[in-house]
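# Descriptive analysis of the structure
So the chains spell out like this:
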Amino acid sequence: MTWQEVRVGDKSYITLNSVKKFYQFATITRDGKNISLDQSKIKFQLKVGDQECSLNGVKFICSDPIVEKGTDVCISRLDLQKLIDPVLRPTYITGAGKFRTVILDPGHGGKDSGAVNAYGTEKNYNLYVAQLVEKYLTAKGYRVIMTRKSDVYLSLDERVNIANAVKDPAIFISIHFNAGGRAARGIETFTLSPAGVAHYGRSARDSDDVSLQGNSNDSANVALATAVHGQLRVKLGTNTRDRGIKRARYSVLTGVNHPAILLEGGFMSHAYEAQLIHNSKYLDAVARGITDAVLLYKNAVTPPSQRAIRRP
Ligand SMILES: [Zn+2]
């Protein structure tokens, strides 16, 4: 069974009817511009003309809009292959479940405070969350490596070097809080753009077509982002707005040779979220979301035959 390809401009698109067949969705329904593909455990929602789609309620920002071509509705091949497929078929990501090491990267530090508001500095919130995750994951039997354990300055290259000095299979999670316009709020999770896709919100450059170190983990990056973003939504509940999983070319994502994501756990520049972030309960919810996501991700990318036997 193969994907049915159509050309839209200079891009390759795949019809949603062939997506339905390939992934064995039971139904495809359309209401105006809204389309839903459903099976017992998965709901995949898209909208014609839109770049946002959602899988079981987790929002993904596609690189290209969903389009209509004749009687077909289509998703770009790049988005299907690089964004959606790793979520729908995580056990096809070869060897991704074999890690016992988690590298945590609390953003900023030392002379680099990151975002600052009336309550505190981003570097301190990032470290606080990372230390909680370290504690929780260590208790679960993981080895945790921290790029920094105190308020020290590290360049982006130094963070990448620390991560790449880890030779065991590992995953990398960079922890940040956001700043932006006064109305901006919510959580967002970044994974490295695949070759051919620009940094979120920036126009394309020739260098975007080059495949980078981090692109060797394209599928695992998305699966990890999905787990972390999904768990944060669960743990933060109505406290948060979902800004989705996005593509970026941050240095820690381009250079690290383990599956890697960068999480923004809320906006310090937003009046309400600034107070939430300064509350240890909120930071603990972020940390528990990351922790549970690591366990869920490991399970999702491990083929059933290789999963540890679970005792009731
Ligand atoms: Zn930051």
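No experiment lies behind these values; they were computed from the predicted model shown.

### A few points about the pairing of strand S13 (residues 187-192)
Regular strands place their side chains on alternate faces of the sheet. The element S13 is largely enclosed, with a buried count of 6 among its 6 residues. Sheet topology note: the S13/strand S14 (residues 242-248) ladder contains 5 bridges and is parallel. Its bridge partner lying in S14, Thr189 is registered against Ile245. Considered for its hand, the β-α-β crossover made up of S13, helix H5 (residues 218-236) and S14 is right-handed. Across 3 bridges, the pairing between S13 and strand S15 (residues 260-267) is antiparallel. Across the sheet, residue Phe190 finds its bridge partner in S15, namely Leu262.

### Let's talk about the pairing of strand S7 (residues 58-61)
With 4 bridges joining them, strand S6 (residues 52-55) and S7 adopt antiparallel strand pairing. Each residue of the ladder has a partner; that of Glu52, found in S7, is Ile61. What sits between S6 and S7 in their antiparallel hairpin is a turn of 2 residues, with Asn56 showing a positive phi close to 50 degrees.

### Re unusual backbone geometry
The backbone of Gln24 shows a phi angle near 55 degrees, a positive value even though the residue is not glycine. As for its placement among the helices and strands, Gln24 is situated in the loop between helix H1 (16-22) and strand S3 (27-31). The exposure class of Gln24 is exposed, given the 10 C-beta atoms found within 10 Å. One non-glycine residue, His108, lies in the positive phi region at around 65 degrees. Residue position: His108 is located in the loop between strand S10 (101-106) and helix H3 (122-139).

Calculation criteria
Residues numbered from 1 in each chain as written. Predicted model: local features only at pLDDT ≥ 70, side-chain atom pairs only at ≥ 80, totals over all residues. Buried ≥ 20, exposed ≤ 12 C-beta atoms within 10 Å, placed from the backbone. Helix = DSSP H or I, 4+ residues; strand = E, 2+ residues; numbered from the N terminus. Pairing = 2+ DSSP bridges. Right-handed = clockwise from strand over helix to strand, strands pointing away.

None of this, on its own, says anything about what the molecule does.
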